[in-house]
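Structure at a glance
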Amino acid sequence: VMAKISDMSENNGLSLANIPIVLPHETQYVQSEGSIEPLDTCNAITPTSITARDYIGNNNPNKVIDGDSSTKWSSLAANSWIKLDLGSKKPICSLAILWDYARFITYTFAISLSDDGVNFGPPVFSSKSNRNSEGFETYVLPSGTEGKYMKISVKSDNRLGYSGIKELRVFGAN
């Protein structure tokens, strides 16, 4: 986001320190190259288990939280998804994703939540990955987002239908 201030002579009580800039939630992501910074009131949440619709070979869903960016979860399913059990229902602030082949594939994804892991509501957030990124992309979820299970449904723009996530972090209130 860039704001241009050309004349502050009649600022009506505004200063450069308190000009609000609001983005629509569909585009609220912060690209973080190499580091992941949680929002002020959020802490990392470690999922208790992870499942997926399917995966290729040894690229199982547990690879997304192993701390090793050389491993990944990947799928060739037309409508692939990965589901995280967060242990208990809790507020969720943001999600940081390190996409596989991020410079070559644009991923369209949607995040849905559930209290029982079976019945998911409509997506609370949907977006596309940033093809100019090689690091984690952090997506800020709408205020009031909470759930025990998080499902990330992923579609890619490549003709094979390949989807892949190297690492994933969830931030919220524990």
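Details of the structure are given in the entry above.
Residues numbered from 1 in each chain as written. Predicted model: local features only at pLDDT ≥ 70, side-chain atom pairs only at ≥ 80, totals over all residues. Heavy atoms only, no water.

Now for the pairing of strand β7 (residues 125-128). Side chains Phe125 and Ser127 project from β7 onto a buried face, and the interleaved Ser126 and Lys128 project onto a face without burial. Note that strand β6 (residues 107-114) and β7 share 4 bridges and pair antiparallel. Each residue of the ladder has a partner; that of Ile111, found in β7, is Phe125. (Buried < 20%, exposed > 50% of the residue type's maximum accessible area, 1.4 Å probe, protein only. Helix = DSSP H or I, 4+ residues; strand = E, 2+ residues; numbered from the N terminus. Pairing = 2+ DSSP bridges.)

Next up on the list: the state of the cysteines. Under the definition given, this model contains 1 disulfide. The partner cysteine of Cys42 in its disulfide is Cys93, sulfur to sulfur 1.8 Å. Judged by the sign of its S-S torsion, about -90°, the bond between Cys42 and Cys93 is left-handed. Here the residue Cys42 occupies a position in the loop between β1 (29-32) and β2 (43-45), and Cys93 occupies one in strand β5 (residues 80-99), the gap between them amounting to 51 residues. For Cys42, a relative accessible area of 4% gives the class buried. With relative accessibility at 16%, the residue Cys93 sits in the buried group. (Disulfide = S-S within 2.5 Å.)

This model, assessed by the stated rule, comprises 6 salt bridges. The partner of Lys89 in a salt bridge is Asp115, and the shortest N-O contact between them spans 3.5 Å. With a gap of 26 residues between them, Lys89 in strand β5 and Asp115 in the loop between β6 and β7 connect regions that are remote in the sequence. With its nearest N and O atoms 2.9 Å apart, the salt bridge here joins Arg169 to Glu167. (Salt bridge = Lys/Arg side-chain N within 4 Å of Asp/Glu carboxyl O.)

Turning our attention to the packing of aromatic side chains. Summed over all chains, the structure comprises 6 aromatic pairs. Summarising the aromatic geometry, the rings of Phe109 and Phe125 are spaced 6.2 Å apart at their centres and angled 40° between planes, so their arrangement reads as tilted. You can see Phe109 sitting in strand β6 and its partner Phe125 sitting in strand β7, a full 16 residues away along the chain. Across the pair, exposure class does not vary: Phe109 and Phe125 are buried alike. Where Phe125 meets Tyr139, the ring centres are 6.0 Å apart and the plane angle is 55°; that geometry is what we call tilted. Of this pair, Phe125 sits in strand β7 while Tyr139 sits in strand β8 (residues 136-140), placing them 14 residues apart in sequence. Neither Phe125 nor Tyr139 differs from the other in exposure class; each is buried. Site record: aromatic cluster; members linked through ring pairs are Trp99, Tyr107, Phe109, Phe125 and Tyr139. When the ring centre of Trp81 is taken as reference, the NZ or CZ atom of Lys151 above it lies at 5.4 Å. The ring of Phe120 has Lys151 sitting right over it, with the charged end atom 4.9 Å from the ring centre. (Phe/Tyr/Trp six-rings, centres within 6.5 Å; stacked < 30°, edge-to-face > 60°. Lys NZ or Arg CZ within 6 Å of the ring centre and 35° of its normal.)

What follows deals with the nonpolar core. Core analysis: the largest hydrophobic core is formed by 28 residues, its most contacted members being Trp99, Met150, Ile152, Leu168 and Val170. Elements with a minimum of two residues in this core: β3 (49-52), β5, β6, β9 (146-156) and β10 (163-172). Residue contributions to this core peak at 7 residues, all from β5. Non-local contacts of Leu168, meaning those with residues more than four positions away in its chain, are made with Val64, Ile65, Leu84, Leu95, Ala96, Ile97, Phe136 and Ile152. Counting residues in each nonpolar core, the second largest holds 6 residues, with Cys42, Cys93, Ala96 and Phe136 among its members. (Core = buried A, V, L, I, M, F, W, Y, C linked by side-chain atoms within 4.5 Å. Contact = heavy atoms within 4.5 Å.)

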